[in-house]
Amino acid sequence: MIPELGQVALILALLLAMVQTVAPLWGSFTGSRVLMGLAKPAVTGQLVFAIVAFGALTYAFVTHDFSVAFVAGHSNSELPVFYRVGAVWGGHEGSLLLWILVLAIWSVLVAAFSGHMPERFVARVLGVLGVVAVGFLSFTLFTSNPFDRLIPAPADGQDLNPILQDPALMIHPPLLYIGYVGFSVAFAFAIAALLEGRLDAAWARWTRPWTTAAWVFLTLGISLGSWWAYYELGWGGWWFWDPVENASFLPWLIGTALIHSLAVTEKRGLFRSWTLLLAITAFSLSLLGTFLVRSGILVSVHAFATDPSRGLYILVFMGIVTGAALALYAWRAPMLTSDAGFRPMSRESFVLANNILLVIATALILLGTLYPLFMDALNLGKVSVGPPYFDLAFMIPMFPLMLLMGMGMHVMWRQMSVSVLARKLRVPAVIAVIAGVTLPLVFYGSAGMLTIVGSIAAFWVMLTALIDLLPGRGPARLTSSHIGMCLAHFGLGMLILGVTFVSSYDAEADRAAVPGQPIEVAGYEFTMFGTRGVEGPNFSAIEAEVEVRLDGELVTMLYPQKRVYRVQRDPVTQTAIAAGWRRDLLVSMGEPLGEGAWSVRIQYKPLVRFIWLGTLVMAIGGLFALSDRRYRLARRRSTEPLADGRAPAPGGGS
């Protein structure tokens, strides 16, 4: 009866989502405080029923209820309980339930922390979130019900995909979904502002922390997904430009532009058109990512579903939501102009350039992702767009963006003298050039032009991010928002440095490993001594013992595995990694070659850890920005803008 309880909970959640949609929106137009007041109870009830439904599905997994089709397809009696819980969102239907739960949590948080906002505005925000909830609850109940029964029930399940049987399964999808769904809050604030006709600095101040929170979670989710693929798939890469990876990267790029645009709208009342369009686009790209993952049109290790009818539903829903939002934007366009101005040498100009370059990067990646799909849909043949296109297309806008980034965060609002900026940045510029040229030559003996340019850019971004944190060099009063900006930019510089060095100096060798015979890669000697059998809770494995030496000194022992799970019999490679800040060493097993020999892939990855450490620092920067006192004190501050449309926000931050 527990699965039936979960299904009833979903139905009740859908009914409450309809109330959440209709009552507050209707009440906001008619002025009925009773109808507007129904939004918060509806949101709370919806969260309760989402928790019940999620708990019911989790219970079905933990207790091996194989009469539930989704459980039978993604679990097995030998699956450890840890992965049984993670399997709840390890497939299409369960991941949708996670989406619904996360959306309900976001909605309750908005309702709980919106007491300082006008009642009508909050009602409209929650009403728009209700539209999204209705769409996904309907999608789940009518096309992807996780509680559908199997009659008769099988004796055992088909097991969870072996690639997903990893601790990262417990963290990566929830983080990614919190970020994805979080952009629905920014979207709801944008639509509510368009309905309200209020597009001032106060609105930007209300929207900004929610957008930053979504960006932080999406940053962590993408980073963890990259790290998971790096060590789990055995390819040794950190980003593959897989269409589903791109689907999460696209809203992140637009979300980054949105955060910067909101800063200008909050501080100066400018870029309102940009900010609204970016908020609409960020959520639309989140829906597009959902469509790509669940439509069955992509072949990817990340894709969930293979039913085109599900993809059609999301495509139609995305078209309705995005089309209605753009129509509303067009209606309100005449009120989006501003009399405030700025000079070419001003922070506003640099943020505008930042937005343009990020949008160009997004458009180029979107083109490369969708072009093969359009060609196939029009029966014009199958076309593959791979890393060479994406690498070049992404570098074109990124190099000028990195140059402008280091300058823009030190330019004042409205206008600034070029000579003043030059005096502030000349020392970091000189150090960045010296370090960027000498570091590759000192450690690796040679460097190509792209390596030098990338290295200089990395040091430029990091050094310019640190200036304001030095005593006597930054603003008189550093806000948490400004510190967060500096940390986020410094983290990006670390990421750029890691990408530059691992792309330029990595080494890889596919060899036959014969017991006792060393293999030399990047100065390291790898010697396999033999293999042994290993039994896991639901798999059997062959494990190799590999010794690693450098200049005759023992560095580490590595134990890569070739696993075969008892239900899904496809062999799975478990890469062994010797991690370090300066480099990673990876060994993956291929196929047996006879007489104890195995094919192996050995890889050397310099500074690869800087990629994930950089993204972690970026996320920490976002958390610092969220802690800014202007948001903590928002309930005690006036929600009215100043006479010229600017918010009375503290200076020094962006």
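Residues numbered from 1 in each chain as written. Predicted model: local features only at pLDDT ≥ 70, side-chain atom pairs only at ≥ 80, totals over all residues. Heavy atoms only, no water.

Student: Is there a simple way to explain the sheet that holds strand E10 (residues 597-606) in this structure?
Tutor: Pairing between the strands of a sheet is mediated by backbone hydrogen bonds and can be parallel or antiparallel. Read across the open sheet, the four strands follow the order E1-E10-E9-E8; overall the sheet is antiparallel. In this open sheet, the two strands that pair with only one neighbour each are strand E1 (507-513) and strand E8 (576-578). Along the sheet, successive strands turn relative to each other by an average axial angle of 20°, direction set aside. Bridge analysis of E8 against strand E9 (residues 583-594) gives three bridges, and the strand direction is antiparallel. Across the sheet, residue Ile577 finds its bridge partner in E9, namely Leu586. (Pairing = 2+ DSSP bridges. Helix = DSSP H or I, 4+ residues; strand = E, 2+ residues; numbered from the N terminus. Axes fitted to C-alpha atoms, helices over the stretch in contact; angles between N-to-C directions.)

Student: How should I be thinking about the pattern of salt bridges in this particular structure?
Tutor: Where side chains of opposite charge bring their charged atoms close, a pairing between them can arise. Scanning the model with the defined rule gives 17 salt bridges in all. Of the charged contacts, one joins Glu4 and Arg149 as a salt bridge, the two residues approaching to 2.8 Å between their closest N and O atoms. A residue pair is termed long-range when its members are at least 10 positions apart, and Glu4 in helix H1 (residues 2-30) and Arg149 in the loop between helix H7 (119-143) and helix H8 (172-196) qualify at 145 residues. The partly exposed category is assigned to Arg149, whose relative accessible area is 33%. With a shortest N-O distance of 2.2 Å, Glu348 and Arg268 are connected by a salt bridge. Remark: Arg268 occurs in helix H10 (residues 243-268) and Glu348 occurs in helix H13 (residues 347-377); sequence separation between them is 80 residues. Assessed through its relative accessible area of 6%, Arg268 is described here as buried. Residues joined in a network through salt bridges with shared partners are Glu4, Asp65 and Arg149. (Salt bridge = Lys/Arg side-chain N within 4 Å of Asp/Glu carboxyl O. Buried < 20%, exposed > 50% of the residue type's maximum accessible area, 1.4 Å probe, protein only.)

Student: How should I be thinking about the packing of aromatic side chains in this particular structure?
Tutor: Aromatic rings in a pair are described by how distant their centres are and how their planes are angled relative to each other. Scanning the model with the defined rule gives 28 aromatic pairs in all. Considering the side-chain rings of Phe61 and Phe70, the 5.5 Å spacing of their centres and the 80° angle between planes classify their relative orientation as edge-to-face. Its relative accessible area of 0% is what places Phe61 among the buried residues. Overall, Phe70 belongs to the buried group, its relative accessible area being 4%. Plain terms: the ring middles of Trp239 and Trp241 are 6.2 Å apart, the flat faces sit at 90° to each other, and that makes the pair edge-to-face. Taken individually, Trp239 and Trp241 each receive the classification buried, so the pair is uniform in this respect. Chaining the aromatic ring pairs together yields one cluster made of Trp215, Trp239, Trp241, Phe249, Trp252, Tyr389, Phe390 and Phe394. Over the ring of Phe539 we find Arg563; its NZ or CZ atom is 4.1 Å from the centre of that ring. (Phe/Tyr/Trp six-rings, centres within 6.5 Å; stacked < 30°, edge-to-face > 60°. Lys NZ or Arg CZ within 6 Å of the ring centre and 35° of its normal.)

Student: How should I be thinking about the domain arrangement of the protein chain in this particular structure?
Tutor: The extent of an interface is frequently quoted as the accessible surface area lost upon association of the parts. Here the protein chain is described as being made up of domain 1 (1-165), domain 2 (195-416), domain 3 (433-505 + 612-636) and domain 4 (507-606). Relative to domain 2, the C-alpha centre of domain 1 lies at a distance of 26 Å. Taken together, the 31 residues of domain 1 in the interface contact 21 residues of domain 2. Between domain 1 and domain 2 lies a buried interface of about 2300 Å² when both sides are counted; carbon and sulfur atoms form 73% of it. Inspection of the domain 1/domain 2 interface yields two salt bridges. Taking the shortest distance from any N to any O, the salt bridge between Arg120 and Glu196 comes out at 3.2 Å. Taken together, domain 1 and domain 2 are joined by five residue pairs in polar contact (both at pLDDT 80 or more). Looking at the side of domain 1 that touches domain 2, the elements that each hand over two or more residues are H1, helix H6 (92-112) and H7. (Domains from an automatic or database assignment. Contact = heavy atoms within 4.5 Å. Buried area = accessible area lost by both parts, 1.4 Å probe. Polar contact = N/O pair within 3.5 Å; in protein donor to acceptor, adjacent residues only side chain to side chain.)

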